[in-house]
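# Structural overview for review
One letter stands for each residue in the lines below.
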Amino acid sequence: MPSRPNILFIMTDQHRGDCLGVDPDSPTDDDDRPLVHTPNIDSFVEDGALFTRAYTPAPSCIPARRSLLTGQTPSTNGAPGWVTTPWDFDDTLPSVLRDAGYQTKLTGKIHSIPIRSHVGFESLDQHEALFAHPDDDYTRWLEQESDGLFDELSHGLGRNSWDPRPWHVDEHYHPTNWTTDRALDFLDQRDEMRPFFLNLSYVRPHTPFDPPQAYWDMYVDREIPAPSIGEWADDVYGEKIPDYPPVDAWVADLPPTIVRRARAAYYGLITHIDHQLKRVFDKLQMIGELENTFVMFISDHGEMLGDHYLWRKTYAYEGSARVPMVLRLPESMDLPRKQLVDRPVGLEDVMPTLLSVADVPVPETVEGSDLLELVRDPDRDDWREWYHGEHAAGSYDPENGCQYVVDGRHKFVWNPATGEELLFDLEEDPNELYDRTDDEAYADVLKRGRTAMVDRLSNRPEGFVEDGALTTTTAGSDDVGDSDDCASSS
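I will try to describe carefully the structure that is included in this document. Please read all numbers here as calculations on a predicted model, not as lab measurements.

Helix α9 (residues 256-286) packs onto helix α6 (residues 175-189) with a crossing angle of 10 degrees between their chain directions and a minimal axis gap of 10 Å. By the angle class used here, α6 and α9 are roughly parallel. In contact with T176, N177, T180, D181, L184, L187 and D188 of α6, α9 contributes H272, I273, Q276, R279, V280, K283 and L284. Among the residues making up the contact of α6 with α9, the classes are represented as 5 nonpolar, 5 polar and 4 charged.

What follows is the structure in structure tokens.
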């Protein structure tokens with residue numbers, strides 16, 4: 001039997017960092033208790049760690065996942081925004097683990113280019129939810145199961161629609177259940193002589209906001225907090241708000257009832273995933289592998305849900321850029337438990353962390369850091385001071401580019417297309433309501449943030465820095481227009 005731990009790597013799509021019940025900034029109900037019900041994921045912290053300042057290096061699907069699977073920053077791996085170039089990397093997380101003797105399996109979404117590229121997984125059961133690739137494994141299964149009478153979008157919602165409604169057929173047909181079922185099949189059929197790396201990758205809570213009826217009912221009549229609208233938001237986005245927004249609008253001032261229902265559906269999708277994970281953990285317990293399995297839960301990016309009038313992603317704000325990150329340690333790992341770590345971390349740290357768990361050398365191409373070092377000592381002095389994230393302009397609007405740095409408490413945001421700057425104190429203002437750039441009390445923080453940004457961008461070919469100062473540029477815009485024109489799950 002294998003002596004090295006198995007790795008269960010759970011990933012959701014478009015899942016906000018504050019949408020776990022255990023997160024300190026989670027939305028609350030009238031009794032000031034967590035509104036989002038995720039008891040199974042929350043329980044990981046008892047035997048692990050929650051990273052409360054985890055961020056995506058590029059808040060849309062393809063660039064985020066490229067960084068995650070290569071351990072590289074977006075500028076290094078060629079995707080500082082939405083790009084459709086083929087994935088051609090010598091070392092990826094699954095390929096390195098495969099070569100080290102792990103059985104590598106993906107169920108759900110990977111978003112590699114071309115779509116059927118395995119990037120190191122020995123086998124895939126794919127659900128990509130793409131307009132440009134309708135013939136994935138889930139789509140074919142659903143067509144067979146329904147005799148062609150219905151499909152994933154028969155309810156009439158779009159892939160990127162803010163318009164919510166319950167799932168239209170039995171829960172068993174929902175892609176969240178299908179993805180879980182394929183993972184359970186793998187655990188039944190795995191090679192018991194090798195440790196496994198199972199990437200259980202859900203398409204939801206990415207739109208459409210379509211939870212099964214039970215999960216819709218769980219939230220739709222609850223009192224749900226309204227979106228956060230920063231005092232700066234009208235100046236930045238007011239002129240872009242359409243009078244008659246399309247259902248896939250990236251910016252919109254929607255009626256409160258619609259926003260509340262969209263949020264209710266989103267929370268329902270998350271609880272649905274949490275309950276499905278219970279099935280996986282029950283299976284691991286039954287086959288005697290639970291206590292030899294390292295678990296990581298994460299997402300690729302968040303969802304704005306109407307904050308600052310915004311929907312979807314690609315923004316530097318917390319709803320889009322911060323992601324959930326939770327570890328559950330096997331019994332064999334001699335590390336502290338019940339850790340809440342508030343140091344800045346990101347998706348490029350996943351690969352070196354999981355390779356460390358597997359006792360596999362980290363390739364020199366990897367730029368991330370081992371998160372287990374923070375689990376051992378959250379206050380260590382040699383961790384990064386600032387985490388950097390970005391997204392090139394052009395996905396939704398030519399002026400929507402963003403660059404940001406965050407040190408755990410403060411976030412400095414710069415738009416290279418417009419020159420706009422924002423500074424937030426996340427400890428005092430987690431909803432980013434107040435811009436501190438003109439506040440004299442934050443002058444030193446603003447200077448440190450600008451310096452950190454210049455340091456990270458000074459050698460970039462886009463020309464973000466001239467003579468040691470940030471300068472506006474449209475270079476580096478995405479190589480396509482709207483990122484969802486060609487692949488709906490960006």
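This part takes up the pairing of strand β7 (residues 293-299). When you tally the buried positions in β7, you get 7 out of 7 residues, the bulk of the element. With burial as the criterion, each face of β7 is covered, one bearing T293, V295, F297 and S299 and the other bearing F294, M296 and I298.

The buried fraction of helix α2 (residues 61-70) is high, at 10 of 10 residues. Buried within α2 we find C61, I62, P63, A64, R65, R66, S67, L68, L69 and T70. G71 occupies a position one or two residues after α2 and carries a positive phi of about 70 degrees.

Another point: the pattern of salt bridges. Under the counting rule described, the total for this entry stands at 46 salt bridges. The partner of R204 in a salt bridge is E152, with the nearest N and O atoms 2.9 Å apart. Of this pair, R204 sits in strand β6 (residues 196-205) while E152 sits in the loop between α5 (137-146) and α6, and the two are 52 residues apart along the sequence. Overall, the relative accessible area of 1% leaves R204 in the buried class.

Spatially, β5-β4-β6-β1-β7-β8-β2-β9 is the arrangement adopted by the 8 strands of the open sheet, whose pairing is mixed. The two strands at the open ends of the sheet, each matched to only one other strand, are β5 (123-126) and β9 (339-341). With strand direction ignored, the average angle separating the axes of adjacent strands in the sheet is 10 degrees. Here strand β4 (residues 103-108) pairs with β5 via 4 bridges, running parallel. Paired with T107 across the two strands is D125, which belongs to β5. Against the sheet, α6 contacts β4, β5 and β6, and its axis sits at roughly 170 degrees relative to β6.

Look at helix α7 (residues 213-220) against α9: their axes get within 8 Å of each other, and the N-to-C directions meet at 130 degrees. Overall, the two elements α7 and α9 adopt an arrangement that is oblique. As for the relative orientation of α7 and α9, their crossing is right-handed in sense. Only R260, R261, A264, A265, Y267, G268, T271, H272 and H275 of α9 make contact with α7, whose side of the interface consists of Y215, W216, M218, Y219 and V220. For the contact of α7 with α9, a count of residues per class yields 8 nonpolar, 4 polar and 2 charged.

All right, on to the sheet that holds strand β14 (residues 421-425) then. An order of β11-β12-β13-β14 is seen for the 4 strands of this open sheet, with the pairing classed as antiparallel. At either end of the open sheet lies a strand with only one pairing partner, and these are β11 (387-391) and β14. In this sheet, neighbouring strand axes are inclined to one another by 15 degrees on average, regardless of whether the strands run parallel or antiparallel. Taken strand by strand, helix α13 (residues 443-457) contacts β11, β12 (402-406), β13 (410-414) and β14, and its axis lies near 55 degrees from that of β13.

Rules used throughout
Residues numbered from 1 in each chain as written. Predicted model: local features only at pLDDT ≥ 70, side-chain atom pairs only at ≥ 80, totals over all residues. Heavy atoms only, no water. Axes fitted to C-alpha atoms, helices over the stretch in contact; angles between N-to-C directions. Helix = DSSP H or I, 4+ residues; strand = E, 2+ residues; numbered from the N terminus. Parallel < 35°, antiparallel > 145°, perpendicular 65-115°, else oblique. Contact = heavy atoms within 4.5 Å. Nonpolar A, V, L, I, M, F, W, Y, C, P; charged D, E, K, R; others polar. Buried < 20%, exposed > 50% of the residue type's maximum accessible area, 1.4 Å probe, protein only. Salt bridge = Lys/Arg side-chain N within 4 Å of Asp/Glu carboxyl O. Pairing = 2+ DSSP bridges. Left-handed = near helix turned anticlockwise from the far one by under 90°.

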